[in-house]
Amino acid sequence: MFGKIRVVHNHLRLYKKLELLRGRLTLPIVSFCKPYVAYMGTDRSVVIITQPATKESSEYCNNKISQSRSRMATSGIVESFPTGALVPKAETGVLNFLQKYPDYDGRDVTIAIFDSGVDPRATGLETLCDGKSVKVIERYDCSGCGDVDMRKKVTPDDKGCLKGLSGNTLKLSPELLALNTDPEKAVRVGLKSFSDLVPPKVRNNIALQAKLKNWDQPHKTATANASRKIAEFESQNPGEASKLPWDKKIVKDNLDYELDMLNSYEKLYTDIKISYDCLLFPIDKGWLAIIDTTEQGDLERALRISEYSLTHETRNVDDFLSISINVHDEGNVLEIVGMCSPHGTHVASIASGNHSSRDVDGVAPNAKIVSMTIGDGRLGSMETGTALVRAMTKVMELCRDGLRIDVINMSYGEHANWSNSGRIGELMNEVVNKYGVVWVASAGNHGPALCTVGTPPDISQPSLIGVGAYVSPQMMEAEYAMREKLPGNVYTWTSRDPCIDGGQGVTVCAPGGAIASVPQFTMSKSQLMNGTSMAAPHVAGAVALLISGLKQQNIEYSPYSIKRALSVTATKLGYVDPFAQGHGLLNVEKAFEHLTEHRESKDNLLRFAVRVGANQDKGIHLRQGVLQKCIDYNVTVEPVFFNDKEAEPKDKFNFNVRLNLISSATWVQCGAFLDLSYGIRSLGVRVDPTGLEPGVHTAVIRAFDTECVQKGSLFEIPVTVVQPHVLECGQNSPVFEPASNKGDRSVEFQPNTIQRDFIMVPDKATWAELRMRVTDPNRGKDVGKFFVHTNQLLPKQSCRKLETMKIVAVGSEVESTMSFKVKAGKILELCIAKYWSNYGQSHLTYSLQFRGLDAQNPNAYVMHAGKGIHKLEIESLVSEELQPQLQLKNAAVVLRPSEAKVSPLSATRDVIPDGRQVYQNLLVYNLNVAKPAEVAFYAPMFNDLLYESEFESQMWMLYDTNKALLATGDAHSHTFYTKLEKGEYTVRLQVRHEKRELLDKIAEATLVAAFKLANVMSLDFYENYNQCVVGGRKFTSAIVRSTRLLYIAPIAQERLNKANLPAQCAWLSGNLVFPQDEAGRRVASYPFNYILNPAEKKTHTNGSGNGSSSGGTAAAASATNPTNSAKPKAPASPPGATSVSNPAAGDGLNVQSDAPPESGAAVGSPKKGKSNADEYAESLRDFQCSQISKCELEIGEKIYNEVVAAHPKHLQANLLLIQNIESTNLKAQFPLGFANFANASNCAGQEAGEGGEKQKEDQKKVRSSLERIVKLADKVVVETDADALLSYYGLKNDTRADAAKIKTNMDKQKNSLVEALSKKGIALAKLAVLDGKLKDRLGEINDLYTEVIKFVDANDSKGIQFSLWHAYANDHYGRMYKYVIKMLEEKRTREHFEELAAINGALGHEHIRTAINRMTVTAFPSSFRLF
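Fair warning: this is a prediction, and the values are worked out from it, not measured in the lab. (Residues numbered from 1 in each chain as written. Predicted model: local features only at pLDDT ≥ 70, side-chain atom pairs only at ≥ 80, totals over all residues. Heavy atoms only, no water.)

Colleague: Break down the overall build of the chain for me, citing the residues and quoting the values.
Modeller: The secondary structure content of the chain amounts to 32 helices and 64 strands. For the chain, the proportion of its 1427 residues judged to be buried stands at 56%. A separation threshold of at least 6 residues defines the contact pool for the chain, and within that pool the share at least 24 residues apart is 75%. When the accessible surface of the chain is split by element, carbon and sulfur atoms take 49% of a total near 61,300 Å². (Helix = DSSP H or I, 4+ residues; strand = E, 2+ residues; numbered from the N terminus. Buried < 20%, exposed > 50% of the residue type's maximum accessible area, 1.4 Å probe, protein only. Contact = heavy atoms within 4.5 Å. Areas by Shrake-Rupley, 256 points an atom, 1.4 Å probe, with all protein chains shown as cover.)

Colleague: Tell me what's going on with the packing of aromatic side chains, and back it up with residues and numbers.
Modeller: Considering all chains together, one arrives at 33 aromatic pairs under this definition. On the basis of an interplanar angle of 50° and a centroid distance of 5.7 Å, the ring pair of F1234 and F1237 is categorised as tilted. Note that F1234 and F1237 are positioned in helix α24 (residues 1231-1245) at a spacing of 3 residues, about one turn of the helix. Classification of F1234 by relative accessible area gives buried; the value is 2%. The class of F1237 is partly exposed, set by a relative accessible area of 23%. Cluster of aromatic residues (ring-pair linked, three or more members): Y480, Y491, W493, Y835 and W836. (Phe/Tyr/Trp six-rings, centres within 6.5 Å; stacked < 30°, edge-to-face > 60°.)

Colleague: I'd like to hear about the pattern of salt bridges, residue by residue, with values.
Modeller: Between side chains of opposite charge, pairing is possible as soon as their charged atoms come close. Tallying each qualifying case throughout the model produces 73 salt bridges. A salt bridge links E769 to R851; the shortest N-O distance between them is 2.8 Å. On the criterion of sequence distance, the pair formed by E769 in strand β41 (residues 767-774) and R851 in strand β46 (residues 842-851) is long-range, its members being 82 residues apart. No difference in accessibility class separates E769 from R851, as the two residues are buried. Of the charged contacts in the structure, one is a salt bridge between D910 and R992, with a shortest N-O distance of 3.2 Å. (Salt bridge = Lys/Arg side-chain N within 4 Å of Asp/Glu carboxyl O.)

Colleague: Report on the sheet that holds strand β36 (residues 713-723), specifying residues and quantitative values.
Modeller: Read from one edge to the other, the open sheet built from 5 strands follows the order β29-β36-β35-β31-β33, with strand pairing classed as mixed. If you trace the sheet from one side to the other, it starts and ends with β29 (620-622) and β33 (673-677), each paired once. The sheet shows a mean angle of 20° between the axes of neighbouring strands, taken without regard to direction. Bridge count for strand β31 (residues 656-663) against strand β35 (residues 695-705) is 5 bridges, and the pairing is antiparallel. The partner of S663 across the bridge, within β35, is I701. (Pairing = 2+ DSSP bridges. Axes fitted to C-alpha atoms, helices over the stretch in contact; angles between N-to-C directions.)

Colleague: Pulling in residues and values, what's your account of the layout of surface pockets?
Modeller: Here the second largest pocket defines a volume of roughly 1,300 Å³. What lines the second largest pocket is a set of 43 residues, and nearest its centre among them are Q797, K801, K821, Y1086 and P1087. Residue assignment for the lining of the second largest pocket shows that the elements contributing at least two residues are β47 (853-855), β50 (880-895), β60 (1007-1019), β63 (1065-1075) and β64 (1085-1091). No other element matches the 5 residues that β64 contributes to the lining of the second largest pocket. For the lining of the second largest pocket, a count of residues per class yields 17 nonpolar, 16 polar and 10 charged. (1 Å grid on protein atoms, 1.4 Å probe; cavity = no way out; pocket = protein on both sides within 12 Å on 5 of 7 lines; lining within 4 Å. Points joined across faces, edges and corners; volume = space filled by probe spheres on them. Nonpolar A, V, L, I, M, F, W, Y, C, P; charged D, E, K, R; others polar.)

Colleague: Just give me the short version of the state of the cysteines, but keep the residues and values in it.
Modeller: Tallying each qualifying case throughout the model produces 0 disulfides. As a non-bridged cysteine, C340 has C145 as the owner of its nearest cysteine sulfur, 7.5 Å distant. (Disulfide = S-S within 2.5 Å.)

Colleague: How would you summarise the packing of helix α5 (residues 246-268) against helix α30 (residues 1373-1386) if you had to cite specific residues and measurements?
Modeller: Remark: α5 packs on α30, axes separated minimally by 6 Å, with the N-to-C direction vectors making an angle of 65°. Two packed elements cross with a definite hand, and for α5 against α30 that hand is left-handed. Along the contact surface, α5 presents I250, D253, N254, Y257, E258, D260, M261, S264 and Y265, while α30 presents Y1373, G1374, R1375, Y1377 and K1378. (Left-handed = near helix turned anticlockwise from the far one by under 90°.)

Colleague: Quick rundown of the packing of helix α4 (residues 200-236) against helix α32 (residues 1406-1419)? Include the residues and the values.
Modeller: When two helices pack together, their arrangement is given by the angle between the helix axes and by the axis-to-axis distance. Running from N to C, α4 and α32 point in directions that differ by 135°, and their axes come no closer than 9 Å. Classified by the interaxial angle, the pair formed by α4 and α32 is oblique. Two secondary-structure elements touch here, α4 through N214, W215, P218 and H219 and α32 through H1407, I1408 and A1411. Partitioned by chemical class, the residues of the contact of α4 with α32 number 4 nonpolar, 3 polar and no charged. (Parallel < 35°, antiparallel > 145°, perpendicular 65-115°, else oblique.)

Colleague: Mind laying out the confidence of the model for the chain, listing which residues take part and the relevant values?
Modeller: Within the chain, residue pLDDT values average 87, and 89% of them lie at 70 or more. Contacts of residues 1-58 to residues separated by more than four positions or lying in other chains number 95 contacts, the stretch itself having pLDDT below 50. Counting contacts from residues 1099-1167, a segment whose pLDDT is below 50, to residues more than four positions away or on other chains yields 152 contacts. (pLDDT = per-residue confidence, 0-100.)

Colleague: Go over the pairing of β60 with me, naming the residues and quoting the values.
Modeller: Two elements, β50 and β60, share 9 bridges in a ladder whose sense is antiparallel. Pairing of L888 across the sheet is with M1017, part of β60.

Colleague: Residues and numbers for a nonpolar patch on the surface, please.
Modeller: Together, Y1025, V1029 and V1030 make up an exposed nonpolar region whose accessible area comes to about 310 Å². Along the chain, the position of Y1025 falls in helix α17 (residues 1025-1030). What makes Y1025 partly exposed here is its relative accessible area of 43%. (Patch = residues over 30% accessible without salt bridge, like charges linked within 9 Å, V, L, I, M, F, W, Y side chains within 5 Å.)

Colleague: Describe the sheet that holds strand β45 (residues 827-834), listing the residues and the values that go with them.
Modeller: In spatial order, the strands read β37-β40-β45-β42-β43; together these 5 strands make up an open sheet with mixed pairing. One side of each edge strand has no neighbouring strand; the edge strands of this open sheet are β37 (725-726) and β43 (803-810). In this sheet, β43 lies alongside strand β42 (residues 784-791) in antiparallel orientation, the contact comprising 8 bridges. When the sheet's bridge partners are listed, N791 is paired in β43 with E803.

Colleague: I'd like a rundown of helix α26 (residues 1282-1289), residues and numbers included.
Modeller: Because each turn of an α-helix spans 3.6 residues, side chains separated by three or four positions in sequence point in the same direction. Every buried residue of α26 is accounted for by A1282, L1285 and Y1288. Buried residues of α26, seen end-on, are gathered within an arc of 120° and therefore sit on one face of the element. With respect to the buried face of α26, the exposed residues turned more than 90 degrees away are D1283 and S1287. Two to three positions downstream of the cap, the backbone nitrogen of D1283 sits 3.2 Å from a side-chain oxygen, assigning the N-cap of α26 to D1281. (Arc of directions from axis to C-beta. Polar contact = N/O pair within 3.5 Å; in protein donor to acceptor, adjacent residues only side chain to side chain.)

Colleague: Before we move on, can you summarise unusual backbone geometry with the specific residues and values?
Modeller: In this model, T455 is joined to P456 through a cis peptide bond whose omega is -15°. Note on placement: P456 falls in the loop between β22 (438-442) and β23 (465-471). Of the consecutive residues P913 and D914, the connecting peptide bond is found in the cis state with omega at -5°. Along the chain, D914 turns up in the loop between β52 (911-912) and β53 (916-917). Backbone geometry at H312 places phi at a positive 55°, although glycine is not the residue there. Here H312 lies in the loop between α6 (308-311) and β15 (315-316). We classify H312 as partly exposed; its relative accessible area is 30%. Of note, the phi angle at R745 is positive, near 60°, even though the residue is not glycine. Counting through the fold element by element, R745 comes out in the loop between β38 (735-736) and β39 (747-749).

Colleague: Can you explain the environment of A1095? Please cite residues and give values.
Modeller: The residue A1095 is located in the loop between β64 and α20 (1114-1120) in this model. Sequence separation of A1095 and A1063 is 32 residues, and the distance between their C-alpha atoms is 9.4 Å.

Colleague: Quick one: what's the story with the environment of M261, residue by residue and with numbers?
Modeller: With respect to the element layout, M261 can be found in helix α5. Residue class for M261 comes out buried when judged on its relative accessible area of 0%. Spatially, the C-alpha atom of M261 lies 7.9 Å from that of K1378, the residues being 1117 residues apart in sequence. Those residues in contact with M261 that lie beyond four places of it in its chain are Y1377, N1400, L1403 and H1405.

The following block contains the structure:
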């Protein structure tokens, strides 16, 4: 159709006939004569396509071009947007490839996305190119975050009703009942909190939208009404509130508390989590799940959804979140699949998005997607070993079952401490080497320093394709709105080779930014994201194109042939950092040509395992110091067939290749030839670094098949050598300055220029100061944007252990400085890069000065209290000002497992093909928190290990006594603190492995609970040993020129006691700093541990748990002493006594025994003034009293009668019998709960039949019990002289000799009286409620209340229950709220929450009642959550 093209390129106009064009040029489908932006390599060209034919068409075209140019020249408006660069494809030849091979668009290829979840409803991810077939064919949440325990079965009644785990009644319609194919018509029930199925930001958006829709209007109205009532009261009762009479004062308090309640719930609203009842039952095809999103049991309006694998259904829970489901273990587990971030959808869109506009398509638009969620929403989208193993297991299963996974994209990863071993890496290798899946992984965003490649791709074998991030000029224009384009380059932050063991982690680089589709919950069609996370799916999509073509041409391939093709055909960018680009920029066309050209190559199904030295490294990496001699390495090479165990023996026998080994540098030498059969061969490699200048030097040994050199190298041995600068240390601080040929000693930086200096850190140096200034004279206040990255590699530790990363603005007027910590004797990489998008040329001068103060003696930073004085031998690099500071900030409690059980996991999800069952060791720990604290948890044996760990996963969950999940942690949880209230807690730790015997070995693994101290403990320093012993003159500061000795004294026991340390505290931890220099103090700090003395043995426990003795130091013991809580119980409090925190015992209050204070005296030693007979009688009485409340009511009555007969004045027996009556015949209802019970009983009692008679009988029993309580309480009230008590407590000072004994006796009488008054008041109020005459008895209740508050505050634990009932009797719902909240501080129960909901219902605050009901459901689950 077209005979001529006009190309405008670099201001040159070229006219060529199509048949004369030897190179390839993408010719897209465009409007006639419309200018179009096309790409030739990394350059941009404007292509105008014209017809060769008629005069009319030529004139029309010229007129259109002239008009277009005229409009654009006058308006400055460009009429077309460079949409092709939003999801870039031209840079890597993808557009040309699809132009040439339109059918190789990813069809018949499946990409598994290991990420945060893919949204099948996102734009471009709905269908394949035919517009009908589903693109996302499978969707799994492998993390367990979406799992719901559905083991409980319930059979609906005749009306189709059943009780959900939320407590709501759920009703199934006849239609739904008919769908159920369960033989017994049973329905599985579960409960799921949806808060962690979406990212925190989206969760907040959902909460804010719900707040706006359902909360704000009624809450603002309620708040305004409450404020109005207060104003009216104050206008009617002018004057100070404190001078109001008591009856007016409680009215005012009630109004204030109502407003407080409204304000408190306003603050709480966004933190309220929503949990939904889930139902599951089998149907003709699979399973049907029903999620009660109405929260009212109306299942007709609830969400219904079937298994995704069968139906590809997704449903919206609300306006934001769409979900799908899977079912496991024959219905025991319902897996709800959400998304923990938009990341996975964006990644999938780059790899395989299919849009109406081809410009914004993904790389392989016709490839299918399998979504594997490996990010766990409980951990803020962090991947876990569990998720990775389950995802890999699923890939293996799908491959085995015929639904082949061709490519995995994993834009996730961490930095491992070592890479030559690890459970996760072993399974990754198995997926590639046995199942033939091409695995593409992002290299990481942790550059520009070297050795920053993440894991993966840095695992034990170089089996994965690692990808770096590239940015083209067109991306700069279309994605980043840059005012001018810069040359294409890698991003400054993309991670750099080599791996720490010398291997090559970056295979190729690809475009690392895109504006692509994101999930619906973002309320955005697309977003800009950048990172190697975006570069990896570009390569994964490109691999899908290659595999699509290879399949259609019936060409056999393997992950090894694919990786080699990408490597040998990549476009090496000579001006781009070689450590960031791997073999170069991806070139899809050339890779496909390579694969087709060498389709018959005998090594297509082979990998070559290269191992260096005893550590089995993947390459050679020398970075240990100054290298002054040659070093010889033994390198082994082993050819390994794909799926080696099942490969044909004859293929192994017949394999032979003759290799030519070529070194790229003369300082790396090896033999020239290697004859390689199927077995391990060794070769010697000599590295001669003696002539190398300071800096980093790289070389590579490439192995070529002598029969076919043109197909490129079969394997490579990478070599990296670092020669450091060595500084001279004299009287002054060592200073490094870079070499420069400029007069001002500056270094020239263009955008993305990287300057690397390697310096041997001087002995005794502990921190360094970098000083930078731009010398360009005309910059003025304009600044350069520089990325500074310093790094030191430590043995068996990741690159992140000792590094600093910072973007620094550097100008010419003021010197920019930054300080960072260093380690002496290790090579420091100082990497300074001008940020990739920072325009202009800069000339930078910089210098690095080393300084140092450090304690050189062994174990200087660990102090044992039992060893007494601790010595520090402090040395300085040069003369330095010393001003030490030691602050202890955390207290560590070592928890030992109370239970450790090894058991097999799911028979469907956790069995690695073929038949390799994965087991768990579930370890349980108990923790007592004596007062509110912030606590972090970690398991030392597994901490900071994930990919490199021998075990495939470790995760812990923290629960309160109600089994509510409070926090979740994994391998990197030691720095995350959770606020805990006073109470008992359980931590469940799961460790997984397929070898049961390995799990048995960790049965005693400990867990550390690190408490933040309320007040930092600072320790003093002494210059003189004797002064340290006697606590004399302290050391503050001095100049250190060589060595100085300082001493630290153990912490005094009294100080530890005052610190209120947690029970069983093992050590204290904090930081020690030495320099006076502020910059040095910020960075040169050292972790310091103070080991406490062993816990003292005690004969009883204090409830701290852990299954061990609760003995501790005096300091630890003081933490459990209730010095800052309510008054302690008397020593001889009877075992049956209950407190307000135990509502199961009725409206109980603390009960005090009248046993004398000396009751702890030795048996057989009569008390002073008492005979043995008296002593015996009292002991018998006390024992009988202790049994009154414990025994059954009938026996308790009998014991009571015996005690009263023998001791008529012993009032305590009456109170103990009241407790027994309450626990036996009275349920522990709060006022509104009891009122509902009474109303229900009255209604039921009016019904005819057996049920009505039973209700009448029950009510009669309750009434009888209440009347008995009133009589028993009256006995105590009558026998107690209240006036005498008031007179006593009115005394300012008691000067009598036995004042202490008198006080003890008076306190007991007072407590008994208060309890009796409270019990009587509550019983009278309950009787009035039963009779429906509460207002008639209000006066009597008020009188009792005034008597109680004469002795205790209304909030006091001894009277708070009656205060609550008094508030109810007076319709004081604000006071009721305040009292219930006070009780909640002691113990959280479901009854407390239900009473709060009822209080708000009584006030008409239905929106708050709904919110509290949601809180109740979440706070009181029926079981522990699944891992």
